[in-house]
Amino acid sequence: MRWLVFAFQNTLRNRRRSLVTVAIAALGTAAILLAGGFAIYTYRALAQSAARSTGHLIVGLPEQFTKDEDTPLQYGLDDSAQLSARLQADPDVRHVLPRVAFSGLVSNGDKSTVMLATGVDPDHEFAVKGPFLSMLAGEVLTSNAAQAEVMLGEGLGKSLKAEPGSGLTLLASTTDGALNALDVVVEGVFSTGVPEIDKRLLYTDIVTAQRLLNTKRVSTLGVFLRSMEATTGAQQRVAGANPNLTVQTWTDQAFFYRSVRDLYNRIFGALGLIIGVIVVFVVANAMAMAIVERTREIGTLRALGTLPSQLLRSCALEGLVLGGVGALAGALIALGVSVLLDVVPVQMPPPPGSTRGYPLSIVVDPAMFALTVLAMVFVSMLASGWIARRTVHLPIVEALAHT
Amino acid sequence: MNGENVVELRAVFKTYRLGKHTVQALQGIDLAVKRGEVVALTGPSGSGKSTLLNLCGLIDTADAGDILLDGKSVAGLDETGRTLLRRDALGFVFQSFNLVPVMTVAENVDYPLFIAGVPAIERRERVAAQLIAVGLEEHARHRPDALSGGQRQRVAIARALVKRPRLVIADEPTASLDSHTADQVVAIMQERCHAEGAAFVIATHDARLTPRCDRVLSLLDGRLQ
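The model shown is predicted, which means the values in this text are computed figures rather than measured ones.

A.B. asks: Before we go on, may I ask you to explain the overall build of chain A in this structure?
C.D. replies: Check the secondary structure of chain A and you find 15 helices and 12 strands. At 31 Å, chain A has a C-alpha radius of gyration far larger than the 22 Å of a compact globule built from 403 residues. Summarising its shape, the C-alpha atoms of chain A cover approximately 100 × 45 × 30 Å along the three principal directions. Residues classed as buried in chain A amount to 41% of the 403 residues present. Sequence-distant contacts, at least 24 apart, represent 81% of the contacts inside chain A between residues at least 6 apart.

A.B. asks: Looking at this structure, I do not really get the interface of chain A and chain B. What am I missing?
C.D. replies: Where interface size is quoted, it is often the accessible area lost as the parts come together. Taken together, the contact pairs 15 residues of chain A with 20 residues of chain B. Elements with a contribution of two residues or more to the side of chain A that touches chain B: α1 (2-11), α12 (295-303) and α15 (396-400) of chain A. Taken together, the residues that form the side of chain A that touches chain B break down as six nonpolar, six polar and three charged.

A.B. asks: What should I look at first to understand the packing of helix α11 (residues 255-293) of chain A against helix α14 (residues 366-392) of chain A in this one?
C.D. replies: All names here are of chain A. Running from amino to carboxyl end, α11 crosses α14 at an angle of 35°, the nearest separation of the two axes being 9 Å. At the point where α11 passes α14, the crossing takes the right-handed sense. Contacts from Gly276, Val279, Val280, Val283, Ala284, Met287, Ala288 and Ile291 in α11 reach Met376, Val379, Ser380, Ala383, Ser384, Ile387, Ala388 and Thr391 in α14. For the contact of α11 with α14, the per-class residue count stands at 12 nonpolar, four polar and no charged.

A.B. asks: I would appreciate a short explanation of the sheet that holds strand β3 (residues 38-42) of chain B in the present structure.
C.D. replies: Sheet strands pair by backbone hydrogen bonding; their relative direction is either parallel or antiparallel. All names here are of chain B. In spatial order, the strands read β6-β7-β8-β3-β9-β10; together these six strands make up an open sheet with mixed pairing. At either end of the open sheet lies a strand with only one pairing partner, and these are β6 (90-93) and β10 (223-224). Bridge count for strand β7 (residues 167-171) against strand β8 (residues 199-203) is five bridges, and the pairing is parallel. Bridge pairing in β8 places Val168 opposite Phe200.

A.B. asks: Before we go on, may I ask you to explain the environment of Ala45 of chain A in this structure?
C.D. replies: Residue and element names in this part refer to chain A. Tracing the backbone shows Ala45 in helix α2 (residues 15-54). Residue classification places Ala45 among the partly exposed positions, given that 18 C-beta atoms sit within 10 Å. When the C-alpha positions of Ala45 and Gln236 are compared, they lie 25 Å apart, and in sequence the two are 191 residues distant.

A.B. asks: Can you help me understand the confidence of the model for chain B in this one?
C.D. replies: Atomic detail in the predicted coordinates should be set aside for any region of low pLDDT. Scored by pLDDT, chain B has a mean of 88; 99% of the residues are at 70 or more. Predicted complex metrics record ipTM = 0.92 and pTM = 0.79.

A.B. asks: Would you take a moment to explain the environment of Phe6 of chain A for this structure?
C.D. replies: Residue and element names in this part refer to chain A. Residue placement: Phe6 occurs in helix α1. When the 19 C-beta atoms within 10 Å are taken as the criterion, Phe6 is described as partly exposed. Measuring from C-alpha to C-alpha, the distance between Phe6 and Cys315 comes to 9.6 Å, with 309 residues separating the pair along the chain.

A.B. asks: Before we go on, may I ask you to explain α11 of chain A in this structure?
C.D. replies: A turn of α-helix holds 3.6 residues, and therefore any two residues three or four places apart point the same way. Residues and elements named next belong to chain A. In a regular helix each residue adds 1.5 Å, so 39 residues correspond to 57 Å; α11 covers 57 Å between its end C-alpha atoms and thus fits that length. Tyr257, Ile275, Val279, Val280, Val282, Val283, Ala284, Ala286, Met287, Ala290 and Ile291 are the residues of α11 that are buried. Elements in contact with the buried residues of α11: α1, α2, α10 (250-253), α12, α13 (308-343) and α14.

A.B. asks: So what exactly am I meant to see when it comes to unusual backbone geometry here?
C.D. replies: Backbone geometry follows two general trends: most residues other than glycine have a negative phi, and most peptide bonds adopt the trans configuration. Residue and element names in this part refer to chain B. Residues other than glycine seldom take positive phi values, yet Asn98 does so here, at roughly 55°. The buried category is assigned to Asn98, around which 22 C-beta atoms lie within 10 Å. Its identity as a non-glycine residue notwithstanding, Arg164 has a phi of 55°, on the positive side. Topologically, Arg164 is positioned in the loop between α5 (149-161) and β7. Assessed through the 14 C-beta atoms surrounding it within 10 Å, Arg164 is described here as partly exposed.

A.B. asks: Whenever I open this one, the nonpolar core confuses me. Can you help?
C.D. replies: Soluble, globular proteins show a tendency: their nonpolar side chains are buried together. In terms of nonpolar packing, the biggest core is built from 113 residues, with Val283 and Met287 of chain A together with Leu167, Phe200, Val201 and Ile202 of chain B touching the most fellow members. Looking at this core, the element that brings in the most residues is α13 of chain A, giving 11 residues. Beyond its immediate sequence surroundings of up to four residues, Phe200 of chain B is in contact with Val38, Val39, Val168, Ala170, Met189 and Cys193 of chain B. If you look at the next biggest cluster of nonpolar residues, it comprises 47 residues, including Ala148, Val184, Leu213 and Phe224 of chain A.

A.B. asks: Got a minute to help me understand the environment of Val216 of chain B in this structure?
C.D. replies: In this fold, Val216 of chain B is placed in strand β9 (residues 215-220). Remark: the alpha-carbon pair of Val216 of chain B and Lys20 of chain B, spanning 196 residues in sequence, is separated by 34 Å.

A.B. asks: Explanation requested: the pairing of β9 of chain B in the structure shown.
C.D. replies: Working note: regular strand, side chains alternate between the two faces of the sheet. All names here are of chain B. In terms of strand pairing, β3 meets β9 through four bridges, oriented parallel. Bridge assignment links Thr42 to a residue of β9, and that residue is Ser218. Bridge count for β9 against β10 is two bridges, and the pairing is antiparallel. Along β10, the bridge assignment pairs Leu219 with Leu224. In this antiparallel pair of consecutive strands, β9 and β10, the connection spans two residues, and Asp221 shows a positive phi of 50°.

A.B. asks: Teacher, can you tell me more about the sheet that holds strand β5 (residues 72-73) of chain B here?
C.D. replies: Residue and element names in this part refer to chain B. One open sheet accounts for four strands, arranged β2-β1-β4-β5; its pairing is antiparallel. Looking at the sheet topology across the chains shown, the edges are occupied by β2 (21-34) and β5. Where strand β4 (residues 64-69) meets β5, two bridges bridge the pair, whose relative direction is antiparallel. Directly across from Leu68, in β5, lies its bridge partner Ser73. Helix-sheet contacts for helix α1 (residues 49-56) involve β1 (5-18), β2 and β4, and the interaxial angle to β1 is about 125°.

About the criteria used
- Residues numbered from 1 in each chain as written.
- Chains lettered and ligands numbered in written order.
- Predicted model: local features only at pLDDT ≥ 70, side-chain atom pairs only at ≥ 80, totals over all residues.
- Helix = DSSP H or I, 4+ residues; strand = E, 2+ residues; numbered from the N terminus.
- Rg over C-alpha atoms; globule rule 2.2 N^0.38 Å.
- Buried ≥ 20, exposed ≤ 12 C-beta atoms within 10 Å, placed from the backbone.
- Contact = placed C-beta atoms within 7 Å.
- Nonpolar A, V, L, I, M, F, W, Y, C, P; charged D, E, K, R; others polar.
- Axes fitted to C-alpha atoms, helices over the stretch in contact; angles between N-to-C directions.
- Left-handed = near helix turned anticlockwise from the far one by under 90°.
- Pairing = 2+ DSSP bridges.
- pLDDT = per-residue confidence, 0-100.
- Expected span 1.5 Å × (residues − 1).
- Core = buried A, V, L, I, M, F, W, Y, C linked by C-beta atoms within 7 Å.

Structure representation (structure tokens):
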């Protein structure tokens, strides 16, 4: 404790220099935590978006994930209701939603365009999507509709000049290769925020999709869990109980999520490294000046019987004080900015390929905060000790003669 | 020489290199200082006084000869051994006081006890006693920059004596003081020396100091006269 007090007293010798050092350490820490908090927010948002889109687990025949189908639902599941009931028995499973993925044409009578369609369970599908699907007009699908209904992506609706209540015709190949057509009514228009997807995407209820394709099969079952953390355990249980099926997790299908995470990890990792190096240099520079000024005093303390290792510890503790105070101040700054952004929201511009901006948010992750502060303290101590090592081993006579 | 000798030098030589030149700082010094003895080293600048003090204080090493502290040779000690011996057995008083400016008077005096691992309660008692002995108990919480030169040197003396050393090395302890203050400091050193039973080796140019010493040795060109 006495060494720590001595180290603290030493940092007060040149207050301006110490203040600048602490300020740079604080800004560096805050920058790392803000960038890291933003990255974590982005990861979580993308993870939620991906999991709510596909389900935390995707269950299907192995060929569904490895081969292209020659005819629609060639590798679909036959006994989906029975399988769904079995999956639903797992304590971590909240919903099991069937999906029928198909493509074809959609026509308004005058114009036909390509659609990428998904047949879904309307009662639960749109509930689990939450804020990741925004309705621009009309309503979401319902299971007890009097006639076949569809929801169109914004771009597809514009292309077909369709709005809620408009009549359209869906054309697709059936599972036995014949062409089938079905009249539907537009129930709503939505946006995923990605124009390229909204130009082609169409939702219909699963019964309509199966009628159009003339099948009882579904492509896959999307399993929605009670929490993201339950994914790995649930995957192992479901895969173990169904060895003839493949069980993928949402990360297996979330290419965009993985790409963004890889990119951000590299960008923010490099940023953190650069900031860390800057902080090390600033602390080392401050300590170098302080130690040169105190060479004679170090000689005196050595003459009085202080071991070089004790002086090294004292200098490292000075680094701890400078780096620690700076890191804690930086953590407080980051915390303040995070709270401020919750109180006064700031909207980020839409990312490339998207039409929707998103709120700028900084996640306060206790583990990241603790790790960053500890890392700052550690590198500051290391830099201080490294700088001091030569002076504390200087011959005492030489140190005492230093002017 | 006998077991009463605190420090003993036997045929000690020391040379320095100054650029291309070699300076013979000490040439075959034989010296013994007894317990409780105050020895003054005098001589002109460059005569080897500081070098001799440095060797007695174990902050420098001899090129030849032997140095004994309490009858034991220090020649075989490594740097850590010498540091620990300084910590336990030696005190230092410097010309320019060399107090730690960020520590209070009490903390400066306490420092040698702290690094020696003396328990806090005992440290407090010994520091208080030393400060009373040098008349600075009122200034215990002051920092050195709030004290006069004489007061600072008294703090340095208290710091040197607080661990009850067997030998105190004092390099020009009155050189930075006016004559009145120097008299006070010398009186305190003499009184504390006798009270604590420590030997003093003092390098000085100050003629007022030598009459108070038990023995005065004169150095010239690295040799005792």
